[in-house]
Every structure is written in C-alpha cells, then in structure tokens.
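Topology and contacts: notes
What follows is each chain in one-letter form.
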Amino acid sequence: MSMTDLLSAEDIKKAVGAFTAVDSFDHKKFFQMVGLKKKSPDDVKKVFHILDKDKSGFIEEDELGFILKGFSPDARDLSAKETKTLMAAGDKDGDGKIGVDEEPQRQHGGFCIPHTQRPPGLPLHVTAAQEEYN
C-alpha cells in the first residue's frame, strides 16, 4: 500500500511544498493539508504503518526526521529542531518513540505532552482547543 492509496497525491504535493523551508514545518497544518484529519482511525493507522519504516510498531526519532519522505520521496528531511518538536507532540507516554496508539490522537487535532514536560495539573492528553494553556 502506498501513501497515495490513502491520501490525495495533489494534497500531499501541496502540503510538502508548503514546508520546504528549514524550520517551517508545522505538523498540525501539514496533517490537515494532506487530509489526515478527515480520515478514519483505521486509515490513520495505515498511514502510520507506512511511515514506520523498520516495522517496529513505533516511529523513533531517527525515522521521524524523514517523515516528509514517507509522503513524498523528494521531500526534505526535518531539521533536528522540527524532529524534536514533532516527537514531543506525538510521544504520549514519554518513552522517546511514537506508538501506533499515540499517532491517531495527534492526527485528529490533539497532541500529547511527555510527562516530563507537563505542568502540574495538566492532563496527559491535551486537545487542540486546550493547547493555548502552554
């Protein structure tokens, strides 16, 4: 299965093109632009498995740096700063990798703050509407 079996090639091209400048990547905008926010949880999991290059069931930091290439082979790599920001947004349990069960929450408008960076009293999962708290 390829990414274009799940997402529009035109949407992918536009999204990748919107973030060609280094340190311009915004995961929420990108995932919205490629159409992931409109996809079912099952389709999001399929996308996750395509991005999980080593098929470990997790997307580790080294794989995350190449995430745009999972959507388009000629896309750029993420910078170290962008990779760390994306990891912090998707790593729900703070283990340094994103599991398949963590991924859909991020894709569908929420994000997760690792427990080591969460202010006291803030729940582990934060919806997009609550994000201003940070």
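About the thresholds
Per chain, residue numbering runs from 1 following the sequence as it is written. Per-residue local features of the predicted model are confined to residues with pLDDT of at least 70, and side-chain atom pairs are confined, for both listing and counting, to 80 or more; whole-chain, interface and lining totals are unaffected and use all residues. Only hydrogens and water are set aside; all other atoms, that is, all heavy atoms of the structure, feed into the side-chain values. Helical segments are the DSSP runs of H or I of at least four residues, strand segments are the runs of E of at least two, and each set is numbered from the N terminus. Exposure classes here rest on a 1.4 Å probe applied to the protein chains alone. A residue is buried below 20% of its type maximum, exposed above 50%, and partly exposed in between. When checking whether two residues touch, look at their non-hydrogen atoms; a contact exists if any pair is within 4.5 Å. Note on areas: Shrake-Rupley with a 1.4 Å probe; residue coverage comes only from the protein chains shown. Salt bridge, as applied in this entry: a Lys or Arg side-chain nitrogen positioned within 4 Å of an Asp or Glu carboxyl oxygen. Side-chain rings of Phe, Tyr and Trp (the six-membered ring for Trp) are treated as a pair once their centres are within 6.5 Å; stacked means planes under 30 degrees apart, edge-to-face means over 60, and tilted covers the remaining angles.

A separate point is the overall build of the protein chain. Counting its secondary structure elements, the protein chain contains seven helices and four strands. Counting from the amino terminus, helix and strand elements in the protein chain follow one another as α-α-α-β-α-α-α-β-α-β-β. Burial status across the protein chain gives 43% buried among its 134 residues. Taking contacts inside the protein chain between residues at least 6 apart in sequence as the whole, the part at least 24 apart equals 47%. Carbon and sulfur atoms form 54% of the exposed surface of the protein chain, whose accessible area is close to 7,100 Å².

Next up on the list: the pattern of salt bridges. Under the defined criterion, the tally for this structure stands at five salt bridges. Between Asp43 and Lys46 there is a salt bridge whose closest N-O contact spans 3.8 Å. Of this pair, Asp43 and Lys46 are both found in helix H3 (residues 41-51), three residues apart, which corresponds to roughly one turn of the helix. Here Lys46 falls in the partly exposed class, since its relative accessible area comes to 36%. The closest approach of N and O atoms between Lys84 and Glu61, which form a salt bridge, is 2.9 Å.

This part covers the environment of Ser24. Looking at the element boundaries, Ser24 is found in the loop between helix H1 (9-18) and helix H2 (27-33). Sequence spacing of Ser24 and Glu82 is 58 residues, and the spatial spacing of their C-alpha atoms is 8.1 Å. Not counting the four nearest positions on each side in its chain, Ser24 is found in contact with Phe19, Arg76 and Glu82.

Moving on, we get to unusual backbone geometry. Not every positive phi belongs to a glycine, and Asp23 is a case in point at roughly 65°. Within the secondary structure, Asp23 sits in the loop between H1 and H2.

Here we take up the packing of aromatic side chains. All chains considered together, the criterion is met by five aromatic pairs. Taken together, a centroid distance of 6.2 Å and an interplanar angle of 65° make the contact between Phe19 and Phe30 edge-to-face. With Phe19 in the loop between H1 and H2 and Phe30 in helix H2, this pair connects stretches of sequence that are eleven residues apart. Comparing Phe19 with Phe30 shows no difference in burial state: the two are buried. With centroids separated by 5.7 Å and ring planes inclined at 75°, the aromatic side chains of Phe30 and Phe31 adopt a geometry described as edge-to-face.

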